[in-house]
Structure formats: C-alpha cells, structure tokens
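Coordinate inspection notes
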Amino acid sequence: MLLLAAAFALWLIPSVGMAQEGEQGVRARVLADDSATDEREPVEGVAVRFFDQGGAELGSEVTDAEGIAEIPLPSPGIYQVEIDPATIPEGLSLPNADEVRREANVQAGRFATVIFQLVVGEGDGGARGTDITLRRVLQLSVDGVKLGLFLGMAAIGLSLIFGTTGLVNFAHAELVTWGMLVAYFFNVLGLSSLFGFTAGWPWILNGPVDLISAALMAVLLGGLLGWAADAGVFARLRRRGTGLIAQMVITIGLSILIRYIYLYMFGGTGRFFRSYAGQQAIAIGPIAVTYKDMIAMTVALVALIGVGLTLQLTRAGRAMRAVSDDRDLAESSGIDVQRVIRWVWVAGAALAALGGVLLGQSDVIRWDVGSQILLLLFAGVILGGLGTAYGALVGSILVGLGIQLSTLFLASELRSIGALMLMIVILLIRPQGIMGRKERVG
Amino acid sequence: MNWGSILEQTISQAFGVNAMVFAMAVIGLNVHFGYTGLLNFGQIGFVALGGYGLGMSITIFGWNPWLGILMGLVYALIFALLLGVPTLRLRGDYLAIVTIAASEVLRILVRSTTLAEWTGGNTGITGFANAFYQFNPFTERVYDFGPFFFTGPNLFILSIGWPLVLLVTFLVWQLMRSPWGRVVKAIREDEDAARALGKNAYWYKMQSLMLGGVIGGLAGILLAIANSTVQPDYFVPVQTFFMWTALILGGVGRVWSPIVGSMLFWGLLTVTDGVLRGFEAEGWVPRWLMNASQVGQIRFMLVGLGLALLMIYRPQGLFGSREEMMLDAR
C-alpha cells in the first residue's frame, strides 16, 4: 500500500511544481446555470468585494463579460470574497443566501479562483435544479460515490471497533479531523515552523512538504493516535470492567475535549491544503471531475482494496473478522483478543486519518469537521450493519449517494437529512443493516 | 482579580436561567436514562420542539399563548412517539444514535430557508414572549440582593421556573414510587425479566420516553420565554452532552440529581470562566498559552475532560450509589 501511495506521490509532484512566478491575487467568477441549455453562462455586472482575513475591505470590482472580477494582492494568505446580492440581475439568485461570502486561499504567484454559481429563479436555500437531467444525475452520482468513499474509510474503523469491543465511539470523527489537521500542518506550516532548529534537515523535518508526504505523516500519526487511544484509555477501561455505556459517554467527553483542543491549536477559520485550490475540472463525457478528485478517489479505492485483501487473506485480518464475529469463540480458539483490538484501533484510526486527508482536499479543513460528519459515519455504519467492515463501506457509499442525489429534489441545505432519514427507515425495516446478521441487534 | 464578583456571578448562574432550563431538561433525561435506562442523546430536540411549538403557535399562527404552551408539549410528545416506534425494540446504543440523529435533523429543518415561513429560518422566532411578560411584577431593570444579581424579566421567569422544577421533581419522585415506576425500574435492571412477568416493556419504555420528552419540551418553553426568542443554533447536540454531564454530576437515577447537577454544572462553568479570565487579565498566564478569546475554548475542554474523568472514576456522580447505577449495555 505504501509503495502504491509513493507511486501516486511521483505522479503528483509535477503538478505541485507548476506554480508560475508572478503576481498573486483573487479572482471571482460569477456563473449562471442555464437549465435550458445545460451550459454555464458568465454573468456580467455583479459587484464583488474583497476582504483580508481580518475583515478589512481591500477593494471592489464589477464582473466583466467573462463573469470575472479580480484584484491583485501583495501577499499570499486567506482572503474573503463577497458578492453583492443586490447587483445580481433579475431572474437569477444565489442558491444559498448564506453564501454571499466565501474564502479563498491565495498562493504566491497565483490567482485563486472563487466561483459563485447562480441559479435561475429565486434561491430557495440550495441549488435545487429546475429539472432533473441525466447530466446532473451522473454528476451527482460521481460526487456521491466520492463522498461515500471518503466517509467509508472512516466508517470501517468505527464499525470494526464496534464489532470487536462493542463500543460505539462518538470520538471517531475526531480521528478524521486529526488526519486532516496533521496533513495541513506538514503541508502548509511544516515541522520547522514548530521546531526552528530542524529547518534545512531533510524531507519531513524541514519546512512544508508536498501533500503526499503530508498524507503519509497523517496516516502514521493517525495510527499512532489510535494506538494511544486504546493503550492509554480504552484497554485500561476494559481491564477495569467499565461498562460499554459508560465507555460510550467517555468517548463523548473525549470528543468534546479533542474538538476544542483543535480549535485552540488551530483557530476557527477554514483552511486549504497548499497547491490544490481551484483546479480546472476535466470533462469526461457529460461529467466534470477535477484531477485531484480523480487521484483522491483512486487513493481511496486502492486503500480500501488493500483493507479488503488484508481482512480476507492475512492472518491478522482473519483474526480481526473472527473477533468481530464472535469474541468469545475467537478467544477460546487461541486468538489474542486484546492484541487484535489494539490493531483494529491502529488500522481504523489510520484509515480515518487518510479519509480525513481526502475529505480535506475536496472540501475545507476546519476544526469542527468531526461534528459535521459523525452522524454521517453512524448512518453509513448502521445502513451497512454495525460490526461489519464491508457493510460500513457499502453503507457509506449509499450515504454519499443519498446526500448528493437528494439535492435533485431537496434544497442543498437539507441534503444530510436524506441520509439520516434513510438510516432511521432502515432501522424500521431491516435493523441489522444491509449486510449485518440478525442476531447482532439483540 | 475580583473574587467577590466571581462569587456573585457563580451563585447567580447556579440559580439562573441556564441552570433552571437545564434542571428541567435533565429531569426528563433522568426519567429516560436514570429510571428507564433509555439512552436518549437527543434531549435538545425535545427542548427545541417545546420552544418552537410555543413560538410558532403565537408568532406565526397567532394563537392564544396558553395554547402555544400546550402545542410545545404536544410537539415534544409526537417527537417521542416518532422516535420510539423504530428504536425502542432495538438495543440501547441504536436509540442513542437515532435520537442524536433525529435532533440534528430537526435542527437542520427548523434552520432551513425551505421552512423559514414557519420556523423563521436561521434567525429563529421572536415576538411571542410579551404575552407572558405582561404579568411580570418585577418592573425594575436589575435586582441585586446579597450574592444574587438578576434582571427583572429574568427574576420573573425564575420565580415561575424554579417552583415548576420543584413541582416536576416531586411528581417524578412520586411516580417512580408508584407501581408504574417500579415496572420502569425493573425494565432498566432486566428487561427480559420484566417481560417474563408479563409487562409490556415496549409500551412502558414508550411512556417513559414520552414523559421525559414532554418535560424536555417544558424546559424548551421556559428557555424560549426567558430569552424572548428561539434560536436554531442553540439546539446543537453538544447541549445534550452538557445535560448528560449535569445528570452524571448529580448522580444518575436520583431524585435531586437533576437540580443539583445543573446548578453545579453552571456554577462550575462560571467559576472556571471567571478565574481563567481573571488570570488572563492579571497577566498570570503567559500569552502564548492563553489569550482572552481562548478562555471559552479552554472551558469547553475542561467540560469534556470532566465528563470523561467523571465517567471513569465516579460514574455514580456526587449522590448516586454505585450499586444502583452500574451503567452497562442493555
């Protein structure tokens, strides 16, 4: 798996080095989705204002015939772009009225592009298309599978930890955020920003590194955190005989603690990885996918196939499935259950961290991502069947598809409701989940 | 550092609106978890429905304020029914996940622009509280006596809310001594045994879920009147976790624990806040370690750490008995 990841690293490096010397700045593009022709049309004459991170206004521009308004900036950093809703032409509107202001991550020597997508008609709180076209269905399906793959990486650990120990881990999503933040640290800040004396040392020890190296560190440190969580907390609790419900409440306490440590260390602003903001999408038939998304999905698939092969073919994997299936039986057949649980924690946390990196590159990196995805992870795990590894994956992909495809009918602000309702409905008609076995429900 | 003012704030908060609303909501949680063993992690959803039932009835539909209070309770009751049907037959941790998910669904719905016509979207609902404040006898702006410091409107809602909390505590106490309470506690201890004795465990659990939910709705009504508004962003899952912290602090399954736990929770929260801010203002804490905006974050970290440590070392809380409350999966 590491070799494959390294191969992807080599593939990525040229795109990292492509930055051209020159001026940096922010560019806002205002487009309108014309449902009649399925084309995106530029919108002229919309006022756009630019702010720095502190909220001071840097200037304002009006979009030209290309729908573009841009200003040059003296230095890289995070900037804010705000569109003036009053200047949007008749008949068009912002899909989500909350989203007049967006963030842009400006790299040295580059223009960061922020796209404002307008819809025909009154915005109803989300980009609900006026009609359902094949193109939209396909596009949303691809987006849904993507989200589902990323969520699934985290959900597998959650499900296996439940299967082997019976613990519902409310802090699992913090492991996802951990991966995101560790990768951000190595990708954007670099180790030498913390320990100045390591500057000039090779690779990771030096300043900011490329995203692949950062992702490797995230996976390693994710596994380490999983090891520490089990060795430091949960193995001890099991030895003390602390009940499962008590352990579950402890994970809730830990998730609050960890989440606010992230906020304390990291601040409340959303961030992005270096060099991956605003890529052009490539059209494949009717769908548009960015290069980085294709790589991310491939990485996720490779990792998941790796997990599947490990679970299916290796001794450790078989032991994990055996313990998850029936712990007492596994123990009496000579499997060291505590060791297997330790490895489930390490592997589950490492996978969650990788899922966090992939989520981070496709979306914004924030301290409270955990609170946003925890319920989606639960939904995926319950849909697939608590305690199963493959079920968690299938369930997560269904959740991802459900979230994206529900925007065909629902306002996008309501989209996670579809996944949560699906979970509740599944509990009504098939409580053991799609791939679970009946006796699990108890 | 002004210890006197910290003390005054702490005591005022321990008897204040937040503690009062929490006490009420935690009584409901205690009915669910403490007496019946139901893992409800969506109590904030019931609180939200109480508030929204009141606000929507008065402001949006223009109904009578007393009908508004009734609607708040009815909404909470319906929510309990909807939650109970799919989950009460399943093992406890499913209920935990579904309740937290349902409370989030609710928050997203009331916050959405799609339903803004009825729920006020992300700004919530205002303009319903005057119907109640017209009875307010405390017309001065601020009342400051001894260690207490309350505004007039707050004193009004507190003078109604706390007696109500005591009344509900008394009723729950009596109910749990009744045959119904004994069945419910038997279900908590051993559901199969209760079923074997011919008790319809499912229906008893449903009744308990509805009772605790309605008490949560009452908490939401008090909250809405006290704040003169319902704000969707108040009703986040972490509030439920705080309620659990208060419940466990007081001692699960005890009559007085919701009140004591809530007062302690808000008292402790205020005292840490005051002390941390004092330290920061005096310059006793190095700037790199903590600045003024990080005080709130550190306070939340302490809540999380406190909940975890409490659960590890003293799961029975301050007043619970360890024998009665061995928390475990059922």
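Look above for the structure.
Residues numbered from 1 in each chain as written. Chains lettered and ligands numbered in written order. Predicted model: local features only at pLDDT ≥ 70, side-chain atom pairs only at ≥ 80, totals over all residues.

A tally of regular secondary structure across chain B gives 14 helices and four strands. Over its C-alpha atoms chain B spans a radius of gyration of 20 Å, differing by no more than 12% from the 20 Å that the globule rule assigns to 330 residues. The buried share among the 330 residues of chain B stands at 51%. Contacts in chain B between residues far apart in sequence, at least 24 positions, make up 74% of those at least 6 positions apart. (Helix = DSSP H or I, 4+ residues; strand = E, 2+ residues; numbered from the N terminus. Rg over C-alpha atoms; globule rule 2.2 N^0.38 Å. Buried ≥ 20, exposed ≤ 12 C-beta atoms within 10 Å, placed from the backbone. Contact = placed C-beta atoms within 7 Å.)

Let's shift gears to helix α10 (residues 369–384) of chain A. Along its 16 residues, α10 of chain A runs 23 Å from first to last C-alpha, staying within 8% of the 22 Å computed at 1.5 Å per residue. One or two positions beyond α10 of chain A, positive phi appears at Gly-385 of chain A, with a value near 115°. (Expected span 1.5 Å × (residues − 1).)

Take the sheet that holds strand β6 (residues 77–83) of chain A next. Residues and elements named next belong to chain A. The strand order across the open sheet built from four strands is β4-β3-β6-β8, with neighbouring strands paired in antiparallel fashion. In the strand order of this sheet, the two ends are held by β4 (57–62) and β8 (101–106), each with one partner. Taken pair by pair, the neighbouring strands of this sheet meet at an average axis angle of 25°, ignoring direction. With six bridges joining them, β6 and β8 adopt antiparallel strand pairing. Looking at the pairing, Gly-77 lines up with Val-106 of β8. (Pairing = 2+ DSSP bridges. Axes fitted to C-alpha atoms, helices over the stretch in contact; angles between N-to-C directions.)

Glancing now at the environment of Ala-101 of chain B. Within the secondary structure layout, Ala-101 of chain B lies in helix α5 (residues 92–111). Non-local contacts of Ala-101 of chain B, meaning those with residues more than four positions away in its chain, are made with Leu-375, Phe-378, Ala-379, Leu-420, Met-423 and Ile-424 of chain A.

Next up on the list: helix α3 (residues 43–60) of chain B. An α-helical turn contains 3.6 residues, so any two residues separated by three or four positions project in the same direction. Residues and elements named next belong to chain B. Between its terminal C-alpha atoms α3 stretches 25 Å, which fits the 26 Å expected from 18 residues at 1.5 Å a residue. Where burial is concerned, most of α3 is hidden: 16 out of the 18 residues are buried. Gly-62 sits one or two positions beyond α3 and adopts a positive phi of about 70°.

With that settled, consider the interface of chain B and chain A. Taken together, the 40 residues of chain B in the interface contact 41 residues of chain A. Contributions of two or more residues to the side of chain B that touches chain A are made by α4 (65–87), α5, α12 (237–250) and α14 (295–313) of chain B. Residue contributions to the side of chain B that touches chain A peak at twelve residues, all from α5 of chain B. Considered class by class, the residues forming the side of chain B that touches chain A number 28 nonpolar, eight polar and four charged. (Nonpolar A, V, L, I, M, F, W, Y, C, P; charged D, E, K, R; others polar.)

With that out of the way, let us pick up the nonpolar core. The biggest cluster of nonpolar side chains holds 213 residues, and the ones touching the most others in it are Met-24 and Ala-101 of chain B. By size, the runner-up hydrophobic cluster in this structure holds 20 residues, among which are Val-43, Val-81, Ile-88 and Phe-116 of chain A. (Core = buried A, V, L, I, M, F, W, Y, C linked by C-beta atoms within 7 Å.)

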